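Listed below are the residues making up each chain.
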Amino acid sequence: MSNKKTLNVGIIGYGFMGRTHANAFRKVTNFFDTPFQPVLKAACGRDGAKLKAYADKWGWESTETDWKRIIERSDIDIVDICTPNDSHAEIAIAAARAGKMVMCEKPLSLDGKQGEEMVREIEKAGVANMVWYNYRRVPAVTLAKQIIESGKLGRIFHYRAKFLQDWTINADLPQGGAGLWRLDAAAAGSGVTGDLLAHCIDTALWLNGSIDNVSAMTETFVKERKHQLTGQVEKVEIDDACAFMARFGNGSLATFESTRYARGHKALNTFEINGENASIAWDLHDLHRLQFFDYNDEGQYRGWRSIHVTDPDHPYMGNWWVPGLAIGYEHSFVHQVADFLQGIGSGKPASPTFRDALETQYVCDAVLSSARSGQWVNVPKLS
Ligand SMILES: NC(=O)c1ccc[n+]([C@@H]2O[C@H](COP(=O)([O-])OP(=O)(O)OC[C@H]3O[C@@H](n4cnc5c(N)ncnc54)[C@H](O)[C@@H]3O)[C@@H](O)[C@H]2O)c1
């Protein structure tokens, strides 16, 4: 163990994200020179036996079966929220009031109004905070940000994003409860909009600036499903698919599409940006590559180039292996922890903060509202 100042983490939820985060907290100081050493202090979940197995596997020092205990404990510095969306607000607000730093899984909240309350509370408490929109920290996506900031693209005309899956096509799939809370609007807030498009929107806002207005359509293809918790067949209230058009503040036009009914696609998260001088494209299935077309290249050599983002000159990559060797999905979470810890050390908070993530919530709300009304809807500006 290093002699760095330690920060004790209490994680709530030991599912999919509980694993990616534990992995990130364990690895971060092996690869990044951070000002603090995170300590896997306590893990929380409601099922004691499963929790114990998780804690033993990942090296958490202690366990709690009630999340309120994590908040009460004086030896916890950072509360890390890895539970379904309907519990983010209650846990984050309680943690902030107790003076804990808060790392919260995305989406920040069920809707913008709830997100505003979270932002108010976290800023009143003055504690470090972050939302896990991890795709920003895939090196190829961070490289896209650097290329855009360099001005190489010139004026941006188009932004095109997709997040396609196919895992809910079966009409016999239940909704609600363990593993299926994403199909239950009460637990998830919305369907693909808050779950998948929220990622695309966060990336888009980061790369291309604010969105002014949206026009959306949604569909729920399977109207009723048995609820795992009640045993009753209940109306499905989430959006199974969503497509929307958007106008960015910089004048560019955008299309976003997400569905869990695109047979053959598991997690096709992509974006393409077309500027006056150059274009960029990225695809999660090939996450260590960035496609780049530069019109300023000499005519006969002009064409799309595929940048293998593994060079020490590329974002984050100098901390990993040697040029040519790729990293993957889980490393984006390691980068997120590294940046969070650097932000605490430097006093320049790493993004997205709760406030940054509220903007994504506003866009999601506008999308869902437009889908209901059939009208274009303005996105409220962050105050
Ligand atoms: N950043 C990403 O790429 C990404 C990917 C997947 C999920 N997520 C987000 O992470 C969160 C969790 O998703 P997941 O896929 O890990 O879900 P999951 O179903 O795999 O895990 C959720 C965990 O929360 C626990 N839990 C639920 N209610 C609880 C409570 N009241 N007290 C204590 N524990 C409780 C469950 O037992 C489970 O361990 C969601 O908000 C989701 O949107 C983000």
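## Observations regarding the packing of helix H1 (residues 16-31) against helix H9 (residues 329-346)
Axis separation between H1 and H9 bottoms out at 8 Å; the angle between their running directions is 65°. Between H1 and H9 lies a crossing of right-handed hand. Within the contact between the two elements, H1 uses Thr20, His21, Asn23, Ala24, Phe25, Lys27, Val28 and Phe31 and H9 uses Glu330, Phe333, Val334, Gln336, Val337 and Ala338. Residues of the contact of H1 with H9, tallied by class, amount to eight nonpolar, four polar and two charged.

## With respect to the site of the ligand
The environment of the ligand is made up of 22 residues, and the closest members are Gly13, Gly15, Phe16, Met17 and Glu105. Considering each element in turn, the shell around the ligand owes the most residues, three residues, to H1. Of the residues that constitute the shell around the ligand, the class distribution is nine nonpolar, nine polar and four charged.

## Description of helix H4 (residues 88-97)
For H4, the tally of buried residues reaches seven of ten residues, placing the bulk of the element in the interior. Turning to H4, its buried residues are His88, Ala89, Ile91, Ala92, Ile93, Ala95 and Ala96. Next to the buried residues of H4 lie strand E1 (5-12), helix H3 (67-72), strand E4 (78-81), strand E5 (101-104) and helix H5 (112-125). The first or second residue beyond H4 is Gly99, which carries a positive phi of 80°.

## Description of the domain arrangement of the protein
For the protein, the assigned domains are domain 1 (5-134) and domain 2 (135-378). Relative to domain 2, the C-alpha centre of domain 1 lies at a distance of 23 Å. Broken down by secondary-structure element, the contributors of at least two residues to the side of domain 1 that touches domain 2 are H1, strand E2 (36-44), H5 and strand E6 (129-131). With eight residues, H1 is the largest single contributor of residues to the side of domain 1 that touches domain 2. Across the side of domain 1 that touches domain 2, the residue classes break down as 21 nonpolar, ten polar and five charged.

## Observations regarding the pairing of E1
Two faces make up the sheet, and in a regular strand the side chains alternate between them. Pairing geometry for E1 and E2, over eight bridges, is parallel. Its bridge partner being in E2, Thr6 is matched across the sheet by Gln37. With H1 bridging E1 and the parallel E2, this β-α-β connection has right-handed handedness. Pairing of E1 with E4 involves four bridges; the strand directions are parallel. Bridge pairing in E4 places Val9 opposite Ile78.

## A few points about the sheet that holds E1
As summarised here, the arrangement of the six strands in space is E3-E2-E1-E4-E5-E6, forming an open sheet in which the pairing is parallel. This sheet does not close on itself; its edge strands, each paired only once, are strand E3 (62-64) and E6. Direction aside, the axes of adjacent strands within the sheet are offset by 25° on average. Where E2 lies against E3, three bridges are found, and the strand directions are parallel. Note on E3: the bridge partner recorded for Cys44 is Glu64. Relative to E2, H9 is tilted by about 120°, and along the sheet it contacts E2, E5 and E6.

## Thoughts on unusual backbone geometry
A cis geometry characterises the amide bond from Lys106 onward to Pro107, with omega recorded as -10°. Structurally, the position occupied by Pro107 is in the loop between E5 and H5. Unusually for a residue other than glycine, Tyr316 sits at a positive phi of about 70°. One can find Tyr316 in the loop between strand E16 (305-308) and H9.

## A few points about the nonpolar core
By size, the foremost hydrophobic cluster in this structure holds 108 residues, and its most contacted members are Val79, Ala92, Val102, Leu197, Val214 and Val367. Three or more residues apiece are contributed to this core by two domains, here domain 1 (5-134) and domain 2 (135-378). Residues in contact with Val214, not counting those within four places in the same chain, are Phe244, Met245, Ala246, Val363, Ala366, Val367, Ser370, Val377 and Val379. Leu183, Ala185, Ala187 and Val236 belong to the second-largest nonpolar core, a separate cluster that totals six residues.

## As for the sheet that holds strand E13 (residues 268-275)
Sheet strands associate in pairs through backbone hydrogen bonding, adopting either a parallel or an antiparallel arrangement. The sheet built from nine strands is open, its strands ordered E16-E15-E14-E13-E7-E12-E11-E8-E17 with mixed pairing. Edge positions in the open sheet fall to E16 and strand E17 (377-378), since each of these has one partner strand only. Sitting on the sheet, helix H6 (residues 139-149) touches strand E14 (278-283) and strand E15 (289-294), and the angle it makes with E14 is about 165°. This element, helix H10 (residues 354-373), spans strand E8 (211-219), strand E11 (241-248) and E17 of the sheet and lies at about 50° to E8.

## Quick word on the pairing of strand E12 (residues 253-259)
In this structure, strand E7 (residues 156-164) lies alongside E12, joined through seven bridges in parallel fashion. Bridge pairing in E12 places Leu164 opposite Thr259. Bridge count for E11 against E12 is seven bridges, and the pairing is antiparallel. Paired with Cys242 across the bridge in E12 is Ser258. The hairpin formed by E11 and E12 contains four residues between the paired strands, and Gly251 there has a positive phi angle of roughly 90°.

What counts, and at which threshold
- Residues numbered from 1 in each chain as written.
- Predicted model: local features only at pLDDT ≥ 70, side-chain atom pairs only at ≥ 80, totals over all residues.
- Axes fitted to C-alpha atoms, helices over the stretch in contact; angles between N-to-C directions.
- Helix = DSSP H or I, 4+ residues; strand = E, 2+ residues; numbered from the N terminus.
- Left-handed = near helix turned anticlockwise from the far one by under 90°.
- Contact = placed C-beta atoms within 7 Å.
- Nonpolar A, V, L, I, M, F, W, Y, C, P; charged D, E, K, R; others polar.
- Near = placed C-beta within 6 Å.
- Buried ≥ 20, exposed ≤ 12 C-beta atoms within 10 Å, placed from the backbone.
- Domains from an automatic or database assignment.
- Pairing = 2+ DSSP bridges.
- Right-handed = clockwise from strand over helix to strand, strands pointing away.
- Core = buried A, V, L, I, M, F, W, Y, C linked by C-beta atoms within 7 Å.

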